[in-house]
Amino acid sequence: MQPFSYVEPRSRAEALRLAQAYPEARFLAGGTTLVDLMKSGVVHPPMLIDVNRIGGLDEIEAAEGSLRLGALARMSDAASHEAVRTQAPGLSESLLFAASGQLRNMASLGGNLLQRTRCLYFRDRHFPCNKRAPGSGCGAIDGENRALAVLGTSAACIANYPGDFAIMLVALDGTVYLDGPAGERAVPAATFHRLPADTPHIETVLAPGEMITAISLPLGALSRQSRYLKVRDRSSYEYASVSVAAAADFAPDGTIRDARLALGGLAAKPWPVTEAALLLAGRRPDDPVAMGRLMDAAVDGARPRSGNAYKVPQARSAIRRAFATLARRSARSVA
Amino acid sequence: MVAPRPDTAFAVHDPLAAVTLRLTVNGAVTEVSVEPWTTLLDALRERIGLTGTKKGCDHGACGACTVLIDGRRVLSCLTLALSARDGAITTIEGLAAPDGTLHPMQRAFAEHDALQCGYCTPGQIMSAVAVLAEADAGRPSAATDPAHRVTGRADLDEREIRERMSGNLCRCAAYQNIVAAVREVAEATDPSRP
């Protein structure tokens, strides 16, 4: 790692002051992405602002139909939290299906949203990469791209967003809370990440000096009937080739009243499929016409490259499977 | 330079400066000189001389460097030594009793031949010790049915152990015997069993 200075503020205000005074500094939370990338020479901040001793940023609260997760809450603690498990089981699954027990104990929820791509060209500084070194080109478009994105890509970048938690957060209409030089603001999770376009190095709407302070999502029939399905090369400790965050509120006759869907693994950012509510309302998950339309809408505009065309049919199957599982779980809880 | 402020808990302003820290490792407070970029793994191995904790990938992918901080398993290769200074760190050297009696998990690994080259073993054992504590605390895993509540280490069947131990790679593939060792300790030390 390149040498850096290290500061531990006790308060959020002091952390924000430091971030504004030292624009090249980076916040350090769990360090599972940042320290790794610093060791690889992909990022080299001259200063780390360790935010772990700021109080009050790691609380998890469920009240009044809303779940609020502090940005410093650790993945393992959020996944195990009683309210998360019972009222948003898909969110707990999205955390438990990610990384390993050790990494989940370290990684913060805020940091998890900011997880960087696993694209090999981004992580190896000997290759061109527009995300790591803007203007240097993309090694992946005509290179090793089996793991990379088919949705939301650009001529500059086909990196995929690798996280799991953000996919479920987007499906369940979550919100990300930010604090920074211009004060506090709330951003819908669905618009927090940016598409690469011609600036793939800018991945989110975070402004310079801003930090994530909390994450929230509404609790209700949808969150209680949510599921995260992750398709991957290994059954554990592996990134998604495709993942599906699905939620459905079922009527007693088994038809869907309301539904949500977002995809991960195959897109440049967490990929909401906003047509899900309309296409599935009044239908059953085994309705081939409705499900076919939803699958078409989900992968509409997909642009496969040499190695990743398999993700399109994989996503279609995973969507059908996720809603079928939700229907079974719903029937089980009624019975 | 960063001006000293009352709401700054700690700072190392000179990137090239070594600072002296007090780390609590296996119950003993040890003074150690580190730079801001020194990982806990390097501090343990190179500065304190506790070489039981292994450096495998050094990128958080293999689990060989697993230690406990305040009872939670973490990767020491991705933890800065500076950040670890308030915690109680336990390494493989701290598991056996002072008289040398092995921890039940160490004994089970030896009895089940749960290793070949042994390089991943300290990390496997530290992780396994934490897995039992996580099950005791009712923590679920990806292998847990969402409708089921984990009540203790009795719930650690083979599937659960494989999932919970997936962050510890063994290139010799001693997984069968590792699972058997963890399972035996989970069953033998289950407090709910007579």
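Above: the structure in question.
On a predicted model such as this, the values are computed, not experimentally measured, just so you know.

Reading the values: the criteria
- Residues numbered from 1 in each chain as written.
- Chains lettered and ligands numbered in written order.
- Predicted model: local features only at pLDDT ≥ 70, side-chain atom pairs only at ≥ 80, totals over all residues.
- Pairing = 2+ DSSP bridges.
- Helix = DSSP H or I, 4+ residues; strand = E, 2+ residues; numbered from the N terminus.
- Axes fitted to C-alpha atoms, helices over the stretch in contact; angles between N-to-C directions.
- Contact = placed C-beta atoms within 7 Å.
- Buried ≥ 20, exposed ≤ 12 C-beta atoms within 10 Å, placed from the backbone.
- Core = buried A, V, L, I, M, F, W, Y, C linked by C-beta atoms within 7 Å.

Draft legend 1. Summary view of the sheet that holds strand S8 (residues 211-218) of chain A. All names here are of chain A. The 5 strands lie next to each other as S4-S5-S8-S6-S7, forming an open sheet whose pairing is antiparallel. The open sheet has two edge strands with one neighbour each: strand S4 (60-63) and strand S7 (183-188). Averaged over all pairs of adjacent strands, the angle between strand axes in this sheet comes to 20°, irrespective of strand direction. One ladder, built from 4 bridges, connects S4 with strand S5 (residues 66-70); its direction is antiparallel. Looking at S5, one finds that Glu61 is bridged to Arg68.

Draft legend 2. Layout of unusual backbone geometry. Residue and element names in this part refer to chain A. Positioned with a positive phi, Glu64 is a non-glycine residue whose angle comes to about 50°. Mapped onto the elements, Glu64 comes out in the loop between S4 and S5. The backbone phi angle of Asp173 is positive, close to 60°, even though this residue is not glycine. Position of Asp173 relative to the elements: it lies in the loop between helix H9 (165-171) and strand S6 (175-180).

Draft legend 3. How the structure looks around the sheet that holds strand S12 (residues 271-272) of chain A. Residue and element names in this part refer to chain A. What the 4 strands build is an open sheet, ordered S9-S10-S11-S12; its pairing is antiparallel. The open sheet terminates on both sides in strands that have one partner only, identified here as strand S9 (226-231) and S12. Sheet topology places S9 next to strand S10 (residues 242-250); 6 bridges connect them, and they run antiparallel. Bridge pairing links Ser226 to Ala247 in S10. Running over the sheet, helix H5 (residues 89-96) touches S9 and S10 and is turned about 25° from S9.

Draft legend 4. Inspection of the pairing of strand S3 (residues 47-50) of chain A at higher detail. Residues and elements named next belong to chain A. Of the two faces of S3, the one holding Met47 and Ile49 and the one holding Leu48 and Asp50 are both buried throughout. One ladder, built from 3 bridges, connects strand S1 (residues 5-9) with S3; its direction is parallel. Among the inter-strand pairings, Ser5 is bridged to a residue of S3, identified as Met47. Looking at chain direction, strand S2 (residues 26-28) and S3 are connected through 3 bridges and run parallel. The residue bridging Phe27 from the neighbouring strand is Ile49, located in S3.

Draft legend 5. Looking closely at the nonpolar core. One finds Ile49, Ala171, Ala246, Leu263 and Ile319 of chain A together with Val182 of chain B to be the most contacted residues of the largest nonpolar core, which totals 166 residues. If you tally residues by element for this core, the top one is helix H3 (residues 121-136) of chain B, at 8 residues. Dropping the residues within four chain positions of it, Ala246 of chain A is found in contact with Ala171, Ser226, Arg227, Leu261, Ala322, Phe323 and Leu326 of chain A.

Draft legend 6. Representation of H5 of chain A in the model. All names here are of chain A. Among the 8 residues that make up H5, 8 are buried, leaving the element largely enclosed by the rest of the structure. All of the buried residues along H5 are Pro89, Gly90, Leu91, Ser92, Glu93, Ser94, Leu95 and Leu96. Among the structural elements, helix H3 (75-80), helix H4 (82-87), helix H6 (101-106), H9, S9 and S10 are those in contact with the buried residues of H5.

Draft legend 7. Representation of the environment of Arg53 of chain A. With respect to the helices, strands and loops of the structure, Arg53 of chain A is situated in the loop between S3 and S4. Excluding residues that lie within four positions of it along the chain, Arg53 of chain A makes contacts with Glu8 and Arg10 of chain A together with Ala9 of chain B.

Draft legend 8. Local environment of the pairing of S7 of chain A. All names here are of chain A. For S7, the tally of buried residues reaches only 0 of 6 residues, placing the bulk of the element at the surface. Pairing analysis gives 6 bridges linking S6 to S7, with the strands arranged antiparallel. When the sheet's bridge partners are listed, Thr175 is paired in S7 with Pro188. Once S6 ends, the chain turns through 2 residues before running back antiparallel as S7.

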